[in-house]
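Residue-level listing of the chains:
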Amino acid sequence: MTYADRLAQVTAQRGRLCVGIDPMPSVLDAWGLAHDLSGLERCARGIVEVLGPTIAVFKPQSAFFEAYGSRGVAVLERVLADIRDAGALSILDVKRGDIGSSMAGYAAAYLGDGAPLWADAITISPYLGVGALRPAIDAAVAGGQGVYVLARTSNPDGATIQLADTGAGTVAQHIVNETREMNASAEGCIGLVVGATHREAGCDLGGFNGSILVPGIGAQGGTISGLADVFGSALPRVLPTASRDIIGSGHENLGERARSLTAELRKLPENGENY
Ligand SMILES: O=c1ccn([C@@H]2O[C@H](COP(=O)(O)O)[C@@H](O)[C@H]2O)c(=O)[nH]1
């Protein structure tokens, strides 16, 4: 089964919210946990324990695990396994991107049978060129996994580069166009990252047939109700993701916040459609 098929199946059953797992110091404080390995593990695995049976997709942020060195990465491995055991999908937010030979090394870490940090999908960065991402894309297709290419990120600093004019449209549009073409032979396993924080997407997503991961909900100012204005006809493809908004007020508030965002998402016109 391809990543696109598995995503369609699980979001049809559970709704299309992606919960970010960002066990940063302020989140550990809100959970009353120490800033150490034990706090990291209790927070990250606690999120999956509570929300794993009902949430479709989780997005662990690799940075907050890498911050604890190899033992933090071992916690990340356990979190990825927990997500799988809960019947949910994982998008590991690692934003990797390099020349082809090094990209193949990254692919071996996350993609393909037996990859030590196997995730259903990973985020990748096209700064060295969309073509340089080919080893990761090939490995993802072969393994029934997915990749999400950064196109128009949620942070304000991204605009200078992503909205720069190439002479044939913006850089973001160039990334969308190349990704759209590659997806034709990639079984829809290539997704895009486009933030919820902009008044408009900043790129034409028409004809794009992959999933669109949408960060920036909540703490960065994006809203579920604003998604229709930002994404227009691409709305059925969006996979909104929020982290601090859900996990940032402590363990006891997790379920209620996730339920509330899921309910808001269900009100969007495409509710229930497979995409
Ligand atoms: O454009 C992007 C790409 C990735 N992110 C990541 O998403 C989460 C956002 O966390 P919130 O607490 O919901 O703001 C975080 O891991 C970012 O690194 C993004 O924000 N924008």
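Residues numbered from 1 in each chain as written. Predicted model: local features only at pLDDT ≥ 70, side-chain atom pairs only at ≥ 80, totals over all residues.

All right, on to the environment of Pro240 then. One can find Pro240 in strand 8 (residues 238-242). On the basis of neighbour counts, which here come to 25 C-beta atoms within 10 Å, the residue Pro240 falls in the buried class. Along the chain, Pro240 and Gly72 lie 168 residues apart, while their C-alpha atoms are 26 Å from each other. The residues touching Pro240, leaving out its near neighbours within four places in the chain, are Leu17, Cys18, Ala196, Val214, Ile217, Ile224, Leu227 and Leu265. (Helix = DSSP H or I, 4+ residues; strand = E, 2+ residues; numbered from the N terminus. Buried ≥ 20, exposed ≤ 12 C-beta atoms within 10 Å, placed from the backbone. Contact = placed C-beta atoms within 7 Å.)

Overall, parallel pairing links the 8 strands, which are arranged 1-2-3-4-5-6-7-8 in a closed barrel. On average, adjacent strands in this sheet sit at an angle of 30° to one another, irrespective of strand direction. Bridge analysis of strand 4 (residues 121-124) against strand 5 (residues 146-152) gives 4 bridges, and the strand direction is parallel. Within strand 5, the position partnered with Ala121 by the bridge is Gly146. Running at roughly 140° to strand 5, helix 7 (residues 134-143) makes contact with strand 4, strand 5 and strand 6 (190-194) of the sheet. (Pairing = 2+ DSSP bridges. Axes fitted to C-alpha atoms, helices over the stretch in contact; angles between N-to-C directions.)

In this structure, Lys95 takes a positive phi of about 45° despite not being glycine. Counting through the fold element by element, Lys95 comes out in strand 3 (residues 89-96). The backbone of Glu187 shows a phi angle near 55°, a positive value even though the residue is not glycine. Assignment of secondary structure puts Glu187 in the loop between helix 9 (171-183) and strand 6.

All right, on to the nonpolar core then. Core analysis: the largest hydrophobic core is formed by 87 residues, its most contacted members being Val19, Ala136, Val147, Val149 and Ala151. The element that contributes the greatest number of residues to this core is helix 3 (residues 37-51), accounting for 6 residues. Not counting the four nearest positions on each side in its chain, Ala151 is found in contact with Ala172, Ile175, Val176, Leu192, Val193, Val194 and Cys203. (Core = buried A, V, L, I, M, F, W, Y, C linked by C-beta atoms within 7 Å.)

A word on the site of the ligand. For the ligand, the set of nearby residues contains 18 residues, the closest of which are Gln61, Thr153, Pro215, Ser243 and Arg244. Residue composition of the shell around the ligand, grouped by class: 4 nonpolar, 10 polar and 4 charged. (Near = placed C-beta within 6 Å. Nonpolar A, V, L, I, M, F, W, Y, C, P; charged D, E, K, R; others polar.)

Per-chain confidence: the chain averages 95 in pLDDT, with 98% of residues scoring 70 or above. Here residues 271-275 is a poorly scored stretch, pLDDT under 50, and it has 8 contacts once near neighbours within four places are set aside; other chains count. As a predicted assembly, this complex carries a pTM of 0.97 together with an ipTM value of 0.99. (pLDDT = per-residue confidence, 0-100.)

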